[in-house]
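# Analysis of the macromolecular model
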Amino acid sequence: MGFYDYSVTNTSGEEVSMKDFEGKVVLVVNTATGCGFTPQYKDIEEMYDNFHEKGLEIVDVPCNQFAGQTPGSDDEIKEFCQLHYNTKFPQMKKSDVNGENQLELFKYLKSQKGFEGFGKGPKALAMSVMLKKIDSDYKNNPDIKWNFTKFVVDRSGNVVARFEPTASMKEVSDCVASLL
C-alpha cells in the first residue's frame, strides 16, 4: 500500500482520502495545543498561506499521546488554533499516532521514514534527555517521539522527509518549497 491508499477522519466525521491530494505536496503533522512547540502552528499556517495555491496541502492531526498536551475536544482544538494562530488549513479528528490505536496513515509514514535523531542544539538535547527517561531504546524505533513531528510527501506520494519537532521550521519550509 502507498500514501494514497490511506485516509483520516476530519473534525466533521468525514473520511478524507489521501488520494484527494494526488499531485500535491502534503505536510502531515501531529499537533498539540499545550506544547512548547505549539507556536509552530504560526509557521505551518505561513507555509499554507504561501504555498497552498502552488499545491501544498496540510494534514493536521491533533494528538494527546504526549504528556496530555491536547486535552480539548476537536471543536475546542480548532477554535484554539483559529483564535491564536489564524489557521485556515483543515484539521483532522484528534487521533493516536503510536500504539495499538494509531492511525494506519502514521504506521505507514513511520515505515517510510524512521527516527533519525533530534539534531543539535538545546531543544534537541532536552528532547533526548527527556525521551531517554521515557524509553531508553527510543533511538532504535520509528515511533513518533513528540508533538509536531512532520512528514513531507511529494507530488507522487513518496514520503521524502521526516522532521522532528526540534527541526528548524525554515528547513521544513525549504523542503516543501523545493517540491512545489
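This text gives an overview of the structure that appears in the document. (Residues numbered from 1 in each chain as written. Predicted model: local features only at pLDDT ≥ 70, side-chain atom pairs only at ≥ 80, totals over all residues. Heavy atoms only, no water.)

## Considering the packing of aromatic side chains
Within this structure, the stated rule accounts for 12 aromatic pairs. Joined through ring pairs, the aromatic side chains of Tyr41, Tyr48, Phe80, Tyr85, Phe89 and Phe148 make up one cluster. (Phe/Tyr/Trp six-rings, centres within 6.5 Å; stacked < 30°, edge-to-face > 60°.)

## Topic: the pairing of strand β3 (residues 25-31)
For β3, a buried count of seven out of seven residues is recorded, marking the element as mostly surrounded by other parts of the structure. Burial of β3 is two-sided: the residues Val25, Leu27, Val29 and Thr31 facing one way and the residues Val26, Val28 and Asn30 facing the other way are all buried. Regarding the hand of the β-α-β motif, the stretch spanning β3, helix α1 (residues 40-51) and strand β4 (residues 56-62) is right-handed. Judged from the four bridges that link them, β3 and strand β5 (residues 150-153) form a sheet pairing that is antiparallel. Considered in β5, the bridge of Val28 is made with Phe151. (Buried < 20%, exposed > 50% of the residue type's maximum accessible area, 1.4 Å probe, protein only. Helix = DSSP H or I, 4+ residues; strand = E, 2+ residues; numbered from the N terminus. Right-handed = clockwise from strand over helix to strand, strands pointing away. Pairing = 2+ DSSP bridges.)

## Here we look at the state of the cysteines
Enumeration over the complete set of coordinates arrives at zero disulfides. For Cys35, which is in no disulfide, the shortest distance to another cysteine sulfur is to Cys63 and amounts to 11 Å. A residue is classified by how much of its surface remains accessible, and Cys35, at 8% relative accessible area, is buried. Owing to a relative accessible area of 0%, Cys63 belongs among the buried residues under this scheme. (Disulfide = S-S within 2.5 Å.)

## Describing the side chain of Gln69
Residue placement: Gln69 occurs in the loop between β4 and α2 (74-85). The exposure class of Gln69 is buried, given its relative accessible area of 15%. Engagement of the side chain of Gln69 in a polar contact is seen with the side chain of Asn147, the distance being 2.7 Å. (Polar contact = N/O pair within 3.5 Å; in protein donor to acceptor, adjacent residues only side chain to side chain.)

## Points about the nonpolar core
Formed by 56 residues in total, the largest nonpolar core has its most connected members in Phe3 and Leu109. With residues near it in sequence (within four places) discarded, Leu109 still touches Phe3, Val28, Phe151, Val153 and Val159. (Core = buried A, V, L, I, M, F, W, Y, C linked by side-chain atoms within 4.5 Å. Contact = heavy atoms within 4.5 Å.)

## Description of the pairing of strand β6 (residues 159-163)
With four of its five residues buried, β6 lies for the most part within the structure. As judged from the four bridges shared by β5 and β6, these two strands associate in the antiparallel manner. In the sheet register, Val152 faces β6, and the bridge partner there is Ala161. Between the antiparallel neighbours β5 and β6 lie five residues, among them Gly157 with a positive phi of about 90°.

## What about the environment of Phe106?
Mapped onto the elements of the fold, Phe106 is located in helix α3 (residues 104-112). Linking Phe106 and Val8, residues 98 residues apart in sequence, is a C-alpha distance of 10.0 Å. In this structure, Phe106 is in contact with Val28, Val29, Asn30, Val61, Val97, Ile144 and Phe151, ignoring residues within four places of it in sequence.

## Focus: the pattern of salt bridges
Oppositely charged side chains may form a pair once their charged atoms are brought near each other. Per the stated rule, a full pass over the model turns up eight salt bridges. With its nearest N and O atoms 3.5 Å apart, the salt bridge here joins Lys24 to Glu57. Here Lys24, found in the loop between β2 (15-17) and β3, pairs with Glu57, found in strand β4; they are 33 residues apart in sequence, far enough to count as distant. Members of the salt-bridge network, linked through shared partners, are Glu45, Asp49 and Lys88. (Salt bridge = Lys/Arg side-chain N within 4 Å of Asp/Glu carboxyl O.)

## A word on the side chain of Thr166
If you trace the backbone, Thr166 turns up in the loop between β6 and α5 (169-179). Here Phe118 takes part through its backbone oxygen, which lies 2.8 Å from a polar atom of the side chain of Thr166. Those residues in contact with Thr166, other than ones at most four positions away along the chain, are Phe37, Phe118, Lys123, Ala124 and Met127.

## Re the packing of α1 against α5
α5 packs onto α1 with a crossing angle of 20° between their chain directions and a minimal axis gap of 11 Å. In terms of orientation, α1 and α5 fall into the roughly parallel class. Both α1 and α5 take part in a crossing whose hand is right-handed. Across the interface between the two elements, Gln40, Asp43, Ile44, Met47 and Phe51 from α1 touch Met169, Val172, Ser173, Val176 and Ala177 from α5. Here the contact of α1 with α5 is built from residues that sort into seven nonpolar, two polar and one charged. (Axes fitted to C-alpha atoms, helices over the stretch in contact; angles between N-to-C directions. Parallel < 35°, antiparallel > 145°, perpendicular 65-115°, else oblique. Left-handed = near helix turned anticlockwise from the far one by under 90°. Nonpolar A, V, L, I, M, F, W, Y, C, P; charged D, E, K, R; others polar.)

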